Amino acid sequence: YSVLHNNASEIAELSLRRISKFAEEQSPAYAILSCAAVVEAYVDQVIDALIDARALDSLGEFLLDKTLESIHGNWEERRNILKVAFLVNVEGDTIATDFRVLIEARNALAHGNGSLTTRQTKVAGKALGLQRSLYQVLSVSTQGHRIIVGPNSGALAAECASRYLLAIDKRVSDLYPAMPF
């Protein structure tokens, strides 16, 4: 998977190099965990930079301090602040949908000890849809609730993570060309 992207920001390029390295050097399961973590760190850096670029009054600073931890706490909050506060939205296309599948695989590995979590299996129809998506996007199959990571799942995770990271990077660059990253 090619790492060099002419229009990527410096922090995006560094993140893409890390993703590529994980995909090449680690087991597929570890690559899934690592690629998701790299994108999470990148998005958190972007959010922090966008917040730092804004002039806030004392009320804004107070409210930000109260909510900053939750902003970085989960993907729904990250997507929400990017979309609502900064108009950075890549949701609704295949890149974002595939990345959500990567996050679900990461959650099964990290929180379900290699099995779909209770949250992921709570609604039968959603669980079946998730199982299909895991296989289609990442070549991750399931036996019951247990996930089985395929030999090319790490490379697919790296591709998925890289595409999402680049989509966010391009959108931020388009909206905020003077951002210092």
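Quick look at the structure, then. (Residues numbered from 1 in each chain as written. Predicted model: local features only at pLDDT ≥ 70, side-chain atom pairs only at ≥ 80, totals over all residues. Heavy atoms only, no water.)

1. A short note on the environment of I51
Turning to step 1, where the next piece is worked out: Here I51 lies in helix α2 (residues 28-52).
Turning to step 2, where the next piece is worked out: Using a relative accessible area of 10% as the deciding quantity, one classes I51 as buried.
Turning to step 3, where the next piece is worked out: In this structure, the C-alpha to C-alpha distance between I51 and F86, residues 35 residues apart in sequence, is 9.0 Å.
Turning to step 4, where the next piece is worked out: Not counting the four nearest positions on each side in its chain, I51 is found in contact with L64, L68, I81 and F86. (Helix = DSSP H or I, 4+ residues; strand = E, 2+ residues; numbered from the N terminus. Buried < 20%, exposed > 50% of the residue type's maximum accessible area, 1.4 Å probe, protein only. Contact = heavy atoms within 4.5 Å.)

2. A closer look at helix α7 (residues 124-138)
Turning to step 1, where the next piece is worked out: The terminal C-alpha atoms of α7, which comprises 15 residues, lie 21 Å apart, in line with the 21 Å expected from a rise of 1.5 Å per residue.
Turning to step 2, where the next piece is worked out: By the burial criterion, the buried members of α7 are A127, L130, Q131, L134, V137 and L138. For α7, the angular spread of buried residues about the axis comes to 150°, placing them on one side. Residues A124, R132, Y135 and Q136 are exposed on α7 and point more than 90 degrees away from its buried face.
Turning to step 3, where the next piece is worked out: The inward-facing, buried residues of α7 contact α5 (94-111), α6 (118-121), β1 (140-143), β2 (146-149) and α8 (153-175).
Turning to step 4, where the next piece is worked out: Where α7 ends, the next residue or the one after it, S139, has phi of about 60°, a positive value. (Expected span 1.5 Å × (residues − 1). Arc of directions from axis to C-beta.)

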